[in-house]
Amino acid sequence: MSEHIATVCWENRQEIFTDNQYSREHTWSFDGGIEVPASASTHVVPIPYSNPAYVDPEEAFVAALSSCHMLFFLAIAAKKQFIVERYRDRAIGIMDKNEAGKLAMITIQLHPEIAFGGDLIPTSAQIAVMHEQAHHQCFLANSVKANITIHSEQT
């Protein structure tokens, strides 16, 4: 078992809070010392009460899933002696109503573009197997109900 801690801090800067016209800007702090400016999504809370320049929870959720998948993919590729030169994923999260009629992240689409180097280049079939293995090993993918699809491209 392991424990993972993030500190989320928000402070009221308005005189009136109950009118719902307060800033959703806040900070995420992590144990390594990094602080990330965060806000509600502009899809959920209109500007100026949200900040489109800041990370929102939905984007962070999608990024975390993409990052988890990538890290397992890289480990699998290294064990198989494939040299990954670059891995870039433009991950997309789709919010919609779930079976219960509640808004939820129902689909996460991973679109990794991977460049391999060296003499040993994996086939498309080998890449698909590595993605399948990474998906099943990813802690976060194992933790969510959303459908996760992988659309891989080799560059």
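Calculation notes
- Residues numbered from 1 in each chain as written.
- Predicted model: local features only at pLDDT ≥ 70, side-chain atom pairs only at ≥ 80, totals over all residues.
- Heavy atoms only, no water.
- Helix = DSSP H or I, 4+ residues; strand = E, 2+ residues; numbered from the N terminus.
- Expected span 1.5 Å × (residues − 1).
- Buried < 20%, exposed > 50% of the residue type's maximum accessible area, 1.4 Å probe, protein only.
- Contact = heavy atoms within 4.5 Å.
- Polar contact = N/O pair within 3.5 Å; in protein donor to acceptor, adjacent residues only side chain to side chain.
- Pairing = 2+ DSSP bridges.
- Disulfide = S-S within 2.5 Å.
- Core = buried A, V, L, I, M, F, W, Y, C linked by side-chain atoms within 4.5 Å.

A. Here's a closer look at helix H1 (residues 57-79). The first and last C-alpha atoms of H1 sit 33 Å apart over 23 residues, in line with the 33 Å expected at 1.5 Å per residue. Taken together, the buried positions of H1 are Val 62, Leu 65, Ser 66, Cys 68, His 69, Phe 72, Phe 73, Ile 76 and Ala 77. Each element contacted by the buried residues of H1 is listed here: strand S4 (83-89), strand S5 (92-97), strand S6 (103-110), strand S7 (112-117), helix H2 (124-137) and strand S8 (147-150). For H1, the capping residue at the N-terminal end is Asp 56, with a side-chain oxygen 3.0 Å from the backbone nitrogen of Glu 58.

B. Structural context of the pairing of S6. Pairing of S5 with S6, which is carried by six bridges, proceeds in the antiparallel orientation. Along S6, the bridge assignment pairs Lys 97 with Leu 103. Hairpin geometry of S5 and S6 is characterised by an intervening segment of five residues between the two adjacent antiparallel strands and by a positive phi of about 80° at Gly 101. Here S6 runs beside S8; their pairing, made up of four bridges, is parallel. Each residue of the ladder has a partner; that of Thr 107, found in S8, is Asn 147.

C. How the structure looks around the state of the cysteines. What the rule picks out here adds up to one disulfide. Covalent S-S linkage joins Cys 68 and Cys 138, the inter-sulfur distance amounting to 2.5 Å. Taking the torsion about the sulfur-sulfur bond, which here is approximately 135°, the covalent link between Cys 68 and Cys 138 counts as right-handed. Residue Cys 68 is found in helix H1, and its partner Cys 138 is found in the loop between H2 and S8; the two are separated by 70 residues along the sequence. Comparing Cys 68 with Cys 138 shows no difference in burial state: the two are buried.

D. Layout of the nonpolar core. One finds Phe 73, Ile 108, Phe 116, Met 130 and Ile 148 to be the most contacted residues of the largest nonpolar core, which totals 21 residues. Counting only elements with at least two residues in this core, the list comes to H1, S6, S7 and H2. For this core, the element with the most residues is H1, which contributes seven residues. Setting aside chain neighbours within four positions, we find Ile 108 in contact with Phe 61, Val 62, Leu 65, Ile 92, Gly 93, Ala 146, Asn 147, Ile 148 and Thr 149.

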